[in-house]
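Structural features, examined
Spelled out, the chains give:
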Amino acid sequence: MQNPTKLRPFFENIEFQKNDSKMVLNFGPQHPAAHGQLRLVLEVDGEKITKAMPGIGYMHRGMEKMAENMIYNEFMPVTDRIDYTASSANNYGLCAAVEKMCGINVPRRAQIIRTILLELNRIAAHLLFLATHALDIGAMTVFLYCFREREYVLDVIESYCGARLTHNSIKIGGVFLDFSDGWTDELLEVCEKILTGIKDYEDLLNSNRIWLLRTQDVGVVSKEMALSWGCSGVMLRASGVQWDIRKEEPYLIYDELDFDVPYATKGDCYARFKCYIQEMKESVKILRQCVNLYYESEPKILADDPKFVSASKEQIMTQNYSLMQHFVLVTQGLKPPKGEIYLATEANKGELGYYIYSTGDSRPYRLKIRTPSFWHCGIYEDLLPGHYIADVSAIICSTNIILGEVDR
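Residues numbered from 1 in each chain as written. Predicted model: local features only at pLDDT ≥ 70, side-chain atom pairs only at ≥ 80, totals over all residues. Heavy atoms only, no water.

**Brief notes about the packing of helix α3 (residues 87-102) against helix α4 (residues 108-137)**
- Where α3 contacts α4, the two axes come as close as 8 Å, and the packing angle between them is 145°. When you trace α3 past α4, the crossing you get is left-handed. Two secondary-structure elements touch here, α3 through Ser-87, Ser-88, Ala-89, Tyr-92, Cys-95 and Glu-99 and α4 through Arg-114, Leu-117, Leu-118 and Asn-121. (Axes fitted to C-alpha atoms, helices over the stretch in contact; angles between N-to-C directions. Helix = DSSP H or I, 4+ residues; strand = E, 2+ residues; numbered from the N terminus. Left-handed = near helix turned anticlockwise from the far one by under 90°. Contact = heavy atoms within 4.5 Å.)

**What about the domain arrangement of the chain?**
- With domains assigned, the chain is organised as domain 1 (16-55) and domain 2 (63-406).
- Look at where the C-alpha atoms of domain 1 and domain 2 centre, and you get two points 31 Å apart.
- Listed by partner, the interface residues are 20 residues for domain 1 and 19 residues for domain 2.
- Inspection of the domain 1/domain 2 interface yields zero salt bridges.
- Elements supplying a minimum of two residues to the side of domain 1 that touches domain 2: β2 (22-27), β3 (39-45) and β4 (48-55). (Domains from an automatic or database assignment. Salt bridge = Lys/Arg side-chain N within 4 Å of Asp/Glu carboxyl O.)

**Focus on the sheet that holds strand β7 (residues 339-346)**
- Strand order in the open sheet made by the three strands is β7-β8-β9, with antiparallel pairing throughout. Each having just a single partner strand, β7 and β9 (366-370) make up the two edges of the open sheet. Across the sheet, the axes of successive neighbouring strands diverge by a mean angle of 10°, strand direction being ignored.
- In this sheet, β9 lies alongside strand β8 (residues 351-358) in antiparallel orientation, the contact comprising five bridges. Across the sheet, the residue bridging to Tyr-354 is Ile-369, located in β9. (Pairing = 2+ DSSP bridges.)

**Describing the packing of aromatic side chains**
- By the definition in use, this model includes 14 aromatic pairs.
- Residues Tyr-92 and Tyr-251 carry aromatic rings whose centres are separated by 5.7 Å and whose planes lie at 20° to one another, so their mutual orientation is stacked. You can see Tyr-92 sitting in helix α3 and its partner Tyr-251 sitting in the loop between α10 (245-248) and α11 (269-296), a full 159 residues away along the chain.
- By relative accessible area, Tyr-251 is classed as buried at 11%.
- Between Phe-143 and Phe-147 the ring centres are 4.8 Å apart and the planes differ by 45°, which places this aromatic pair in the tilted class. Taken as a pair, Phe-143 and Phe-147 lie in helix α5 (residues 140-161) at a separation of four residues, close to a single helical turn. (Phe/Tyr/Trp six-rings, centres within 6.5 Å; stacked < 30°, edge-to-face > 60°. Buried < 20%, exposed > 50% of the residue type's maximum accessible area, 1.4 Å probe, protein only.)

Below, the structure is given as structure tokens:
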């Protein structure tokens with residue numbers, strides 16, 4: 001005789017615990033609004049959050065340890081994977097730290113090209129943020145429009161370096177390629193399309209009653225909270241702290257450019273949304289200025305420093321000494337002098353810093369990366385209590401974290 005099934009309801013991903021009428025709820029690590037493998041343990045009273053405990057470590061890849069077993073140029077493509085929305089920013093962060101240790105002078109044209117790539121990367125990342133933020137709250141049309149403009153940006157990056165996400169277009173000592181003929185015209189056309197797209201987003205969201213109800217006075221980060229949790233980027237600026245490394249500690253050619261850094265004082269999700277929108281407009285302003293500066297610069301894209309930087313391909317193919325030097329750098333790697341350095345840049349999410357401790361070897365003895373998402377993830381512990389479950393998605397997305405940055 002066949003026995004009847006005795007299976008009981010089984011919740012594989014959700015754990016329920018009764019504790020003084022409060023329920024413990026797992027948000028993630030596979031929730032679509034978690035933007036990665038973030039496990040958020042919430043203690044809720046009804047629908048109100050009383051306690052939040054962010055848990056990380058579900059996609060740990062040990063990148064900092066990998067760096068200690070690679071020569072500097074080998075590790076460069078790995079930095080693309082730390083934050084797939086800010087691959088150029090991570091490429092540049094490592095390059096700038098190594099170049100400062102070695103005392104390499106990067107040619108001006110390479111600096112202009114790097115600035116253009118960083119700002120294009122910033123716009124693409126902000127568009128992805130706005131698209132997913134809107135989608136998490138239910139605005140499907142904005143999601144589609146943002147991806148439309150983002151495709152234009154990725155197309156122009158691809159026509160330069162051949163890659164859309166993991167660019168790896170910046171190298172120690174300069175850049176791999178100069179712009180091809182007509183590339184800057186393509187860039188200026190994309191700038192027009194971006195501004196047209198931004199107007200569409202603002203028309204759809206600025207006075208949208210649902211958007212305002214879901215973002216205004218939600219996820220308020222006070223100035224004191226932002227400072228005490230080590231926030232940076234828009235998370236800091238939307239809370240009233242006027243700090244942008246591009247202005248405060250200029251690098252590349254940012255000190256020559258005319259642009260504003262948007263600030264807000266309210267610190268809620270809506271303030272952060274407005275800052276991101278304004279930042280994209282400022283990036284377009286920077287790109288247009290860079291195009292003019294590009295044509296005034298000499299056509300040199302690599303530093304002339306054979307101890308640390310390989311010569312151009314033309315020289316390697318025609319000069320014996322350049323070929324030998326290139327062989328040594330590829331097989332053994334460049335060897336920075338003994339010492340340590342921390343160099344911070346303003347990535348799309350905030351302060352991105354690379355710390356290197358060198359013993360004079362071709363591999364770093366220690367390499368640590370200060371990524372903004374790590375700090376913006378920890379703030380949930382203070383930020384979420386007092387909000388409702390429905391606000392969690394809006395708050396997480398407005399903090400704009402990427403778990404690849406958190407689990408290094």
